[in-house]
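# Secondary and tertiary structure notes
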Amino acid sequence: MLTAIQVLKSIVIPALTGLGLDSTSARQLLMGTAAHESMGFRYLRQVNGPAESLFQIEPATEKDLWKNTIPGLPSRHPAMVSAVHGEMMKLGVDSILSD
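Notes on the structure follow. Computed from a predicted structure; not experimentally measured. (Residues numbered from 1 in each chain as written. Predicted model: local features only at pLDDT ≥ 70, side-chain atom pairs only at ≥ 80, totals over all residues. Heavy atoms only, no water.)

### A short note on the overall build of the protein chain
Secondary structure summary: the protein chain contains 5 helices and 0 strands in total. Its helices and strands in sequence order give the protein chain the pattern α-α-α-α-α, from N to C terminus. Scored against the burial criterion, the 99 residues of the protein chain give a buried share of 24%. Residue pairs at least 24 apart in sequence account for 45% of intrachain contacts in the protein chain once pairs closer than 6 positions are excluded. As displayed, the protein chain has an accessible area near 6400 Å², and 59% of this comes from carbon and sulfur atoms. (Helix = DSSP H or I, 4+ residues; strand = E, 2+ residues; numbered from the N terminus. Buried < 20%, exposed > 50% of the residue type's maximum accessible area, 1.4 Å probe, protein only. Contact = heavy atoms within 4.5 Å. Areas by Shrake-Rupley, 256 points an atom, 1.4 Å probe, with all protein chains shown as cover.)

Set out below in structure tokens:
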């Protein structure tokens, strides 16, 4: 299980900073959503369902985001995605996902 501090410092802040969208309000929105959807940062996969990640995104929605939304973001988004993925690996998220 991840802690709120780990999620904030290693995932939320780097992602928002990379997108140029970091603010207290944005942090609160993402942290509140992640805390609610993952039942207090406990689940990275939906119990008995297809949703994944702290935000419980479903596969079809993820595909749509990568196809239609993410390409339109500022050109720095690949570096942000890479940085956040690297931080998630340091936290052992891949091993949590395989549990």
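### Some thoughts on unusual backbone geometry
Although it is not a glycine, Met 39 sits at a positive phi angle of roughly 55 degrees. Since its relative accessible area comes to 60%, Met 39 is described here as exposed. Unlike most non-glycine residues, Gln 56 shows phi in positive territory, near 55 degrees. By the element assignment, Gln 56 lies in the loop between helix 2 (24-37) and helix 3 (59-69).

### Some remarks on the nonpolar core
Among the nonpolar cores identified, the biggest contains 11 residues, and these are Leu 2, Val 7, Ile 11, Val 12, Leu 16, Ala 26, Met 31, Ala 34, Phe 41, Leu 44 and Leu 54. Within the residue set of this core, elements represented by two or more residues are helix 1 (4-19) and helix 2. Broken down by element, this core gets its largest block of residues, 4 residues, from helix 1. The contact partners of Leu 54, leaving out residues within four places of it in the chain, are Leu 2, Val 7, Ile 11, Thr 33, Ala 34, Glu 37, Ser 38, Phe 41, Tyr 43 and Leu 44. (Core = buried A, V, L, I, M, F, W, Y, C linked by side-chain atoms within 4.5 Å.)

### Overview of the packing of helix 1 against helix 2
Two elements in contact, helix 1 and helix 2, have axes separated by 10 Å at closest approach and are oriented at 125 degrees. Classified by the angle between their axes, helix 1 and helix 2 sit oblique to one another. Our pair here, helix 1 against helix 2, has a crossing hand that is right-handed. In this structure, helix 1 contributes Ala 4, Val 7, Leu 8, Val 12, Ile 13 and Leu 16 to the contact, and helix 2 contributes Ala 26, Arg 27, Leu 30 and Met 31. (Axes fitted to C-alpha atoms, helices over the stretch in contact; angles between N-to-C directions. Parallel < 35°, antiparallel > 145°, perpendicular 65-115°, else oblique. Left-handed = near helix turned anticlockwise from the far one by under 90°.)

### Here we look at the environment of Met 1
Its place among the elements puts Met 1 in the segment before helix 1. The exposure class of Met 1 is exposed, given its relative accessible area of 69%.

### Concerning the pattern of salt bridges
Summed over all chains, the structure comprises 2 salt bridges. Salt-bridge contacts for Glu 52 lead to Arg 45; the nearest nitrogen and oxygen are separated by 4.0 Å. (Salt bridge = Lys/Arg side-chain N within 4 Å of Asp/Glu carboxyl O.)

### As for the environment of Pro 50
Within the element layout of this structure, Pro 50 appears in the loop between helix 2 and helix 3. For the pair formed by Pro 50 and Ala 60, sequence separation is 10 residues and the distance between their alpha carbons is 9.7 Å. Ignoring sequence-local partners within four residues, the contact set of Pro 50 consists of Ile 57, Glu 58 and Pro 59.

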